[in-house]
Amino acid sequence: MNGLSAALMARRSVQFELAFGVLAAGVATALRFALDDVLPPGFPFLTFFPAVMLSLVFASIRCGIAVAVVCGLVAWYWFIAPVGALSLTSGALLAVGFYVLITATDVLFISAAVWALQELSLSRAKATALAQSRTLMFSELQHRVSNNLATIAALLRLQTSQTKDAEARRALTASQARITSISRLQRRLHSIDVQAVDAGDYLREVLQDTLEVAKESAPVALTLKAAPLRLLNGAAVPLGLIASELMMNSIEHGAAQTGKTIVDVALSVAPPDEDGKIAAMLEMRDNGPGLPPEFDLDASDSLGLTVARQFAKVLGGDLTLSRVAAGSGTLARLRFTVPAADAAAPPSPDFATEQDILHRIA
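Criteria and thresholds
Residues numbered from 1 in each chain as written. Predicted model: local features only at pLDDT ≥ 70, side-chain atom pairs only at ≥ 80, totals over all residues. Heavy atoms only, no water. Helix = DSSP H or I, 4+ residues; strand = E, 2+ residues; numbered from the N terminus. Contact = heavy atoms within 4.5 Å. Buried < 20%, exposed > 50% of the residue type's maximum accessible area, 1.4 Å probe, protein only. Salt bridge = Lys/Arg side-chain N within 4 Å of Asp/Glu carboxyl O. Axes fitted to C-alpha atoms, helices over the stretch in contact; angles between N-to-C directions. Parallel < 35°, antiparallel > 145°, perpendicular 65-115°, else oblique. Left-handed = near helix turned anticlockwise from the far one by under 90°. Nonpolar A, V, L, I, M, F, W, Y, C, P; charged D, E, K, R; others polar. Pairing = 2+ DSSP bridges.

### Description of the side chain of glutamate 245
Within the secondary structure layout, glutamate 245 lies in helix 8 (residues 233-253). Leaving out residues up to four positions away in the same chain, glutamate 245 has contacts with Arg178, Gly304, Val307 and Ala308.

### Side note on the side chain of threonine 330
Along the polypeptide, threonine 330 turns up in strand 7 (residues 330-339). Judged by relative accessible area, which is 10%, threonine 330 ranks as buried. Residues within four places of threonine 330 in sequence aside, it is in contact with Met284, Arg285, Asp286, Gly290, Leu291, Leu321, Ser322 and Val324.

### Describing the pattern of salt bridges
Between side chains of opposite charge, a pair can form when the charged atoms approach closely. Evaluated as defined, the whole model comprises four salt bridges. Across the pair arginine 32 and aspartate 36 runs a salt bridge, and its minimum N-O distance is 3.2 Å. Overall, arginine 32 belongs to the buried group, its relative accessible area being 3%. The class of aspartate 36 is partly exposed, set by a relative accessible area of 36%. Across the salt bridge formed by aspartate 201 and arginine 204, the nearest N and O atoms sit 3.4 Å from each other. Of this pair, aspartate 201 and arginine 204 both sit in helix 7 (residues 199-214), three residues apart, which is roughly one turn of that helix. A residue is classified by how much of its surface remains accessible, and aspartate 201, at 43% relative accessible area, is partly exposed.

### What to know about the packing of helix 3 (residues 48-58) against helix 5 (residues 90-161)
If you want to describe how two helices pack, look at the angle between their axes and the distance between the axes. Look at helix 3 against helix 5: their axes get within 10 Å of each other, and the N-to-C directions meet at 20 degrees. Overall, the two elements helix 3 and helix 5 adopt an arrangement that is roughly parallel. Helix 3 and helix 5 meet at a crossing whose hand is right-handed. In contact with Phe49, Val52, Met53, Leu56 and Val57 of helix 3, helix 5 contributes Tyr99, Ile102, Thr103, Asp106, Val107 and Ile110. Of the residues belonging to the contact of helix 3 with helix 5, the class tally is nine nonpolar, one polar and one charged.

### Concerning the sheet that holds strand 4 (residues 261-269)
The mixed open sheet is built from five strands, whose spatial order is 2-4-5-7-6. At either end of the open sheet lies a strand with only one pairing partner, and these are strand 2 (220-226) and strand 6 (318-323). When the angles between neighbouring strand axes are averaged without regard to direction, this sheet yields 15 degrees. The pairing of strand 2 with strand 4 spans seven bridges and is classified as parallel. If you follow alanine 226 over to strand 4, its bridge partner there is leucine 267. Running over the sheet, helix 8 touches strand 2, strand 4, strand 5 (277-286), strand 6 and strand 7 and is turned about 15 degrees from strand 5.

### Topic: the packing of helix 3 against helix 4 (residues 61-79)
The contact between helix 3 and helix 4 brings their axes to 7 Å, and the two run at 165 degrees. Taken together, the axes of helix 3 and helix 4 lie roughly antiparallel to each other. In terms of crossing hand, the pair formed by helix 3 and helix 4 is right-handed. Contacts between helix 3 and helix 4 pair Phe48, Ala51, Val52, Ser55 and Leu56 from the former with Ile61, Cys63, Gly64, Ile65, Val67, Ala68, Cys71, Val74, Ala75 and Phe79 from the latter. Per-class residue counts for the contact of helix 3 with helix 4 are 13 nonpolar, two polar and no charged.

This is a description of form; function is not addressed.
The structure is reproduced here in structure tokens:
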């Protein structure tokens with residue numbers, strides 16, 4: 001069908017149409033003469049119908065009409081009694097009338113098919129142009145958002161360099177790291193073509209980005225083990241932000257006395273339930289001094305932990321921090337549930353946007 005559509009839509013030169021028409025009419029006439037002794041009376045146009053149809057399809061509408069006229073006259077003159085004259089007898093007029101009706105139907109059918117294909121081609125061209133325009137606008141929007149975030153991070157970096165208070169400098173540096181991390185998340189996920197990501201690869205990239213933007217002088221050793229899990233963008237964004245905040249918390253508070261921070265990350269996944277929901281657990285363990293004995297996550301005034309706790313609620317999950325043992329580090333554990341990436345159902349309406357969460361925190 002694609003080949004037939006291409007033949008109908010192809011534009012032929014006048015020379016090609018003329019050559020094809022002459023060849024089609026000539027072959028049809030020669031074949032009709034060759035079969036004249038074999039065919040019974042009453043088939044004067046038998047070999048000419050294919051010539052007309054082939055000319056309509058493989059040459060052009062006007063070539064097909066020209067071939068139909070020439071073949072009709074040839075058949076009328078040579079194969080309708082009395083032979084050798086364009087007689088106007090009732091039998092001749094009836095035969096020619098049927099020929100005109102059939103060839104006219106062929107012309108109308110092919111013309112309608114060509115018109116429909118042209119309209120389809122035009123619609124496809126418009127749809128392609130619209131899709132390209134949409135993609136371009138989306139890319140431009142994402143580029144502008146990322147540039148704006150980078151500008152804000154640069155302004156915070158400038159403000160940090162001019163701030164003398166150590167506590168304020170730490171707060172500005174943390175804010176700069178968060179904004180840079182969000183910018184990279186936005187570039188990585190908010191793509192018009194990407195609707196789901198592999199959780200392991202995604203977390204590895206997010207945590208590496210966090211290490212880069214934190215710019216710690218002390219070395220940080222990161223290990224990650226992740227079970228296979230496809231995440232929809234609506235779940236990947238809060239998970240990435242939680243992982244980034246927990247990593248920054250480990251970098252800031254989890255350095256061991258040796259000066260080298262070790263962060264072990266593990267993602268475990270349970271089989272989907274009957275509703276297509278997948279229960280998962282993210283664990284992040286560092287080798288720092290551990291939490292103070294009186295630590296209470298719900299009462300903590302740390303902005304990073306507050307952000308992580310709020311985004312855990314977006315995932316319908318629960319975030320806990322516990323002391324592994326005296327002087328042996330902190331264990332952060334996030335239990336959450338996400339819809340399967342290939343599920344037909346839309347994401348849960350409980351999913352909120354990042355802006356909603358930040359408004360709640362504020």
